[in-house]
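So you can see what is in the structure, the chains are spelled out below.
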Amino acid sequence: MPVHENIRMIREAKGVSKTFVAKGLGMSLQGYRYIEDGSVKLDVERMKVIGRLLGEDSAVFLNDKLTKSVIDKMNTAVVGA
């Protein structure tokens, strides 16, 4: 899966809003939407900031298996709560 889709899935699994991530990046909500929908290329520095905002190492976004493990962990945490 593309990096922007992995970011979106992790953000949603963690219940983090697009607005929160956009503010953390110092950009508009629309600008962040362009990143998440793949219209704009994501640079490494922004990916690092998104990782920090979501509490994950940014390398997770590059690997579908790691992304799935984060989402599974979030789903298990919700079920176990």
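Above this note sits the structure.
Everything quoted here is computed from the prediction, not taken from an experiment.

Glancing now at the nonpolar core. Judged by nonpolar contacts, the single largest core of 16 residues is most densely connected at Ile 10, Val 21, Tyr 32, Ile 50, Leu 54 and Phe 61. Sorting the residues of this core by element identifies helix H1 (3-13), helix H2 (18-25), helix H3 (29-36), helix H4 (44-54) and helix H5 (64-80) as the ones contributing at least two each. For this core, the element with the most residues is H4, which contributes four residues. Discounting residues that sit within four places of it in the chain, Tyr 32 has contacts with Ile 7, Arg 11, Lys 18, Val 21, Ala 22, Leu 25, Met 27 and Ile 50.

Next up on the list: the layout of surface pockets. By volume, the largest pocket is sized at about 160 Å³. Lining the largest pocket, in full, are Val 3, His 4, Ile 35, Gly 38, Val 40, Lys 41, Leu 42, Asp 43, Val 44 and Met 47. Mapped onto the lining of the largest pocket, the elements with two or more residues apiece are H1 and H4. For the lining of the largest pocket, the residue count by class is six nonpolar, two polar and two charged.

Along the polypeptide, Ser 58 turns up in the loop between H4 and H5. Taking relative accessible area as the criterion, Ser 58 reaches 17% and is therefore assigned buried. When residues no more than four places from it in sequence are discounted, the contact partners of Ser 58 are Met 47 and Lys 48.

Rules and cut-offs
Residues numbered from 1 in each chain as written. Predicted model: local features only at pLDDT ≥ 70, side-chain atom pairs only at ≥ 80, totals over all residues. Heavy atoms only, no water. Core = buried A, V, L, I, M, F, W, Y, C linked by side-chain atoms within 4.5 Å. Buried < 20%, exposed > 50% of the residue type's maximum accessible area, 1.4 Å probe, protein only. Helix = DSSP H or I, 4+ residues; strand = E, 2+ residues; numbered from the N terminus. Contact = heavy atoms within 4.5 Å. 1 Å grid on protein atoms, 1.4 Å probe; cavity = no way out; pocket = protein on both sides within 12 Å on 5 of 7 lines; lining within 4 Å. Points joined across faces, edges and corners; volume = space filled by probe spheres on them. Nonpolar A, V, L, I, M, F, W, Y, C, P; charged D, E, K, R; others polar.

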